[in-house]
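# Report on the structure
Given next are the chains, with one letter for each unit.
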Amino acid sequence: MEQEVVPPSAEAPGCRVRQRAGSEVDACVEALAEVHERDGYPQKWPEDPGAWLTPPSLLAAWVAERDGAVVGHVALTEGGAQDRAPEHWSPRSGAPAGTAAVVSRLFVSPAARGHGVGALLMERVADEARRRGLHPVLDVLTSDASAIALYESLGWTRLATVDQRWGPDQTVTVHCYAAPAAPGPARADVTRRSR
């Protein structure tokens with residue numbers, strides 16, 4: 001599989017975002033473990049973190065790389081029964097919920113923060129969703145203040161705050177967000193396809 005590379009950004013010097021290779025899942029798990037230890041994300045450590053990063057609904061995933069090391073990750077997935085953002089985006093947009101794609105598994109290693117890596121990953125995943133004719137949405141725990149600040153700084157709109165079941169004994173509260181509308185002709189194309 002050819003790896004698409006996004007050139008380094010002025011906001012994330014020395015960092016590049018590219019499609020994740022299958023052989024990089026272990027490096028992603030190592031970075032995720034650092035994030036979990038520091039921030040508690042994911043809230044519940046998965047039994048198989050590699051499988052958690054490669055769910056069956058996965059459309060694509062990217063890594064941020066600096067100096068040859070994986071320092072960030074983001075995935076784009078099809079919406080599932082547990083995802084709440086598509087159902088809240090659909091009536092507002094007038095488009096079927098199936099025309100939304102869910103941004104998930106976003107994390108940046110603690111040592112790489114403060115350099116725009118998260119914004120670069122979000123830009124890449126949103127661009128890919130739109131390229132596929134889908135609108136990017138996401139759910140985020142209401143307690144994840146830094147992620148919420150990132151999404152809002154990028155112009156994402158909070159659609160709702162709802163409860164989400166994470167199993168028979170756990171319910172969490174999440175904010176549902178949608179990306180801003182794509183500028184120009186891409187927006188018109190998505191609108192036409194969704195009618």
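Residues numbered from 1 in each chain as written. Predicted model: local features only at pLDDT ≥ 70, side-chain atom pairs only at ≥ 80, totals over all residues. Heavy atoms only, no water.

## A word on the pattern of salt bridges
According to the stated counting rule, one finds 9 salt bridges in the structure shown. For the salt bridge of Glu-87 with Arg-84, the shortest nitrogen-to-oxygen distance reads 3.1 Å. Here Glu-87 falls in the partly exposed class, since its relative accessible area comes to 39%. Bridged by salt links that share partners, the residues Arg-16, Arg-18, Glu-24 and Glu-65 form one connected network. (Salt bridge = Lys/Arg side-chain N within 4 Å of Asp/Glu carboxyl O. Buried < 20%, exposed > 50% of the residue type's maximum accessible area, 1.4 Å probe, protein only.)

## Examining the packing of aromatic side chains
Counted by the stated rule, this structure contains 3 aromatic pairs. Taken together, a centroid distance of 5.9 Å and an interplanar angle of 65° make the contact between Tyr-41 and Trp-52 edge-to-face. Highlighted residues: Tyr-41 in the loop between helix H1 (25-39) and helix H2 (49-53) and Trp-52 in helix H2, separated in sequence by 11 residues. Residues Tyr-151 and Tyr-177 carry aromatic rings whose centres are separated by 6.0 Å and whose planes lie at 55° to one another, so their mutual orientation is tilted. (Phe/Tyr/Trp six-rings, centres within 6.5 Å; stacked < 30°, edge-to-face > 60°. Helix = DSSP H or I, 4+ residues; strand = E, 2+ residues; numbered from the N terminus.)

## Focus: unusual backbone geometry
Trans peptide bonds make up most of the peptide bonds, and negative phi angles are found at most residues other than glycine. The step from Tyr-41 to Pro-42 runs through a cis peptide bond, and the omega angle for that step is -5°. Tracing the sequence through the fold places Pro-42 in the loop between H1 and H2. Even without a glycine there, the phi angle at Asp-67 is positive, about 50°. Locating Asp-67 in the fold gives a position in the loop between strand S3 (58-66) and strand S4 (69-78). By relative accessible area, Asp-67 is classed as exposed at 76%. One non-glycine residue, Arg-105, lies in positive phi territory at about 55°. In this structure, Arg-105 sits in strand S5 (residues 100-108). Judged by relative accessible area, which is 19%, Arg-105 ranks as buried.

## Some thoughts on the nonpolar core
With 29 residues, the main nonpolar core has Val-103, Val-117, Leu-121, Met-122, Leu-138, Tyr-151 and Trp-156 as its most contacted residues. If you tally residues by element for this core, the top one is helix H4 (residues 117-131), at 6 residues. With near-sequence residues (within four places) excluded, Tyr-151 lies in contact with Leu-106, Met-122, Leu-138, Val-140, Trp-156 and Tyr-177. Formed by 14 residues, the second largest nonpolar core is a distinct cluster that contains Ala-100, Leu-159, Val-174 and Ala-178. (Core = buried A, V, L, I, M, F, W, Y, C linked by side-chain atoms within 4.5 Å. Contact = heavy atoms within 4.5 Å.)

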